[in-house]
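If you want the building blocks of each chain, they are given just below.
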Amino acid sequence: MNEYKEYSETLTHCVYTMMQPTIIVKNIDKLSLEKSLISRLYYALFNRIIAELPKLQLSTTGNKHSQINAILLQKSSNNSIKQVHQVFNDMQTLRIWADYKPNESTPPYNLNILQTKVYAIVNRGKLF
Amino acid sequence: MDIKKFSMSLTLIATLSLHALADNTNEYIDKEQKAIKYAKEYLVDNHDVSVIFKELKKSSEQFNDNVIKFLNSKITDFAKEDSQKTGMLLSRLALHNEIKIKFYKELKKIVKKNKFTKNMKENLILLDHLSKDFKKEIQRFIDITYIEIEAKNNFKALEVIFTGYQFNDYWYSISDVYLDNMVLFLSLNNNGEDIFDTEDKLTKELLSFQNLKKDMTKDITLPNIGGFNFDKINKTHFIRVSLI
């Protein structure tokens, strides 16, 4: 299996496990844990998309996040890719909040919904 | 009053509520306006007012830390809590800042002609820059307050139309404030319906509100007062709902 796709699945599995009510993570507050899960969900999506973009895998220049965004936008006349683009954009916004904006208001997110959206894309047979 | 003993002795500390912030901001404004008044009176007689300048500089720096930076982190919460009160606080800040900018402009002319110290001239340049930076920040706060009003209106309207869903809350990213089209993030319970289908239904309705608003506001030009503009309410468009 493509190593990017494999890593994407590992990340989604990790989020699924961490969200189980029986799992107790010591010494970390709820918000920090959820921010960490949002970040992992975003990277699950990032790796799932890059798994189908071999040129981008080899690229050593530029910001891969914005390059993915540009590629998805370019192909977004296709409804299925448009959906991937929207989820990628939204997760990116949330991930920026989670990782870099400690002072910004906390969004009223629902991790189950975010997980469902990312899973739906990660588990697709083919994106493009 | 002995100019050497002049001190504004400001005590503003990190505040938590909008009400407390408004009170403390008013305290800042009153004291700074008093300082400007004294400086004007003493300058007429060509006195050295560097003491007042130092206090104004200290006050502006504290104001930056305690009001501007604080508002920067809380503006969406405050606007959500009470947009009218937040608007009033911002208009007071905007007016006060305009007074300071005009005052520094007048002073620049006086300082050029007179034998004031190098230190005073440097302080004046710094104060002028700080006030201009504050102006940009205040404009951004005004814009965010309008976006908050728009987001809340859309959220309430969707809540009224879609009675089958339980709406919890809404959010938008303030990093997107200057994008033409914004995403309205919603948290709701959709009774197990496909998330993407729910998003499509809500987005369709949201777009119909936006078109209605565009029609209603197309002939309205909002005034530009004191270099501040208030047209964000007409220019803000949420074009998509995303469940998060």
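Higher on the page you've got the structure.
A brief report on the enclosed structure follows. (Residues numbered from 1 in each chain as written. Chains lettered and ligands numbered in written order. Predicted model: local features only at pLDDT ≥ 70, side-chain atom pairs only at ≥ 80, totals over all residues. Heavy atoms only, no water.)

**Observations concerning the overall build of chain A**
Counting its secondary structure elements, chain A contains six helices and zero strands. Ordered by position in the sequence, the α and β elements of chain A form the string α-α-α-α-α-α. Taking 2.2 N^0.38 as the reference for a compact globule, 128 residues should give roughly 14 Å; the C-alpha atoms of chain A span a radius of gyration of 15 Å, in line with that estimate. Along the first, second and third principal axes, the C-alpha set of chain A runs to 40 × 35 × 30 Å. Sorting the 128 residues of chain A into buried and exposed places 45% on the buried side. One finds the centroid of the 15 positive side-chain charges in chain A at a distance of 5 Å from the centroid of its 9 negative side-chain charges. (Helix = DSSP H or I, 4+ residues; strand = E, 2+ residues; numbered from the N terminus. Rg over C-alpha atoms; globule rule 2.2 N^0.38 Å. Buried < 20%, exposed > 50% of the residue type's maximum accessible area, 1.4 Å probe, protein only. Lys, Arg positive; Asp, Glu negative; His and termini not counted. Charge placed at Lys NZ, Arg CZ, Asp CG, Glu CD.)

**A short note on the overall build of chain B**
Assigned secondary structure in chain B consists of six helices and five strands. Ordering the α and β elements of chain B from the N terminus gives α-α-α-α-β-β-α-β-β-α-β. Each of the 244 residues in chain B was classed as buried or not, and the buried ones make up 47%. Look at the contacts in chain B between residues 6 or more apart in sequence, and 76% of them connect residues 24 or more apart. Accessible area of chain B: about 12600 Å², with a carbon and sulfur share of 54%. (Contact = heavy atoms within 4.5 Å. Areas by Shrake-Rupley, 256 points an atom, 1.4 Å probe, with all protein chains shown as cover.)

**Some details on the packing of aromatic side chains**
All names here are of chain B. Going through the model one piece at a time under the given rule, you end up with 14 aromatic pairs over all chains. Clustering of aromatic rings is evident, with ring pairs tying together Phe-155, Phe-162, Tyr-165, Phe-167 and Tyr-170. Cation over ring: Lys-80 sits above Tyr-170, and NZ or CZ is 4.2 Å from the ring centre. Here Lys-100 stacks its cationic end above the ring of Phe-63, 5.5 Å away from the centre of that ring. (Phe/Tyr/Trp six-rings, centres within 6.5 Å; stacked < 30°, edge-to-face > 60°. Lys NZ or Arg CZ within 6 Å of the ring centre and 35° of its normal.)

**Some thoughts on the sheet that holds strand S2 (residues 181-189) of chain B**
Residue and element names in this part refer to chain B. Spatially, the three strands line up as an open sheet ordered S1-S2-S5, and their pairing is mixed. Edge positions in the open sheet fall to strand S1 (166-171) and strand S5 (237-243), since each of these has one partner strand only. Adjacent strand axes in the sheet meet at a mean angle of 35° when their direction is disregarded. Direction of pairing for S2 relative to S5: parallel, over a ladder of six bridges. Counted as the bridge partner of Leu-186 is Leu-243 from S5. (Pairing = 2+ DSSP bridges. Axes fitted to C-alpha atoms, helices over the stretch in contact; angles between N-to-C directions.)

**Quick look at the packing of helix H4 (residues 64-74) of chain A against helix H5 (residues 79-100) of chain A**
All names here are of chain A. Where H4 meets H5, the closest approach of the two axes is 9 Å, and the angle between their N-to-C directions is 150°. Taken together, the axes of H4 and H5 are roughly antiparallel relative to one another. Note on packing geometry: the crossing formed by H4 with H5 is left-handed. The residues of H5 that touch H4, namely those facing His-65, Ile-68, Asn-69, Leu-72 and Leu-73, are Ile-81, Val-84, His-85, Phe-88, Asn-89 and Gln-92. For the contact of H4 with H5, the per-class residue count stands at six nonpolar, five polar and no charged. (Parallel < 35°, antiparallel > 145°, perpendicular 65-115°, else oblique. Left-handed = near helix turned anticlockwise from the far one by under 90°. Nonpolar A, V, L, I, M, F, W, Y, C, P; charged D, E, K, R; others polar.)

**Topic: the pattern of salt bridges**
Under the definition given, this model contains 13 salt bridges over all chains. Asp-90 of chain A is the partner of Arg-240 of chain B in a salt bridge, and the nearest nitrogen-oxygen pair spans 3.0 Å. Linking Arg-240 of chain B in strand S5 with Asp-90 of chain A in helix H5, this pair reaches from one chain into another. A salt bridge links Lys-80 of chain B to Asp-169 of chain B; its shortest N-O distance comes to 3.0 Å. Remark: Asp-169 of chain B occurs in strand S1 and Lys-80 of chain B occurs in helix H2 (residues 50-81); sequence separation between them is 89 residues. (Salt bridge = Lys/Arg side-chain N within 4 Å of Asp/Glu carboxyl O.)

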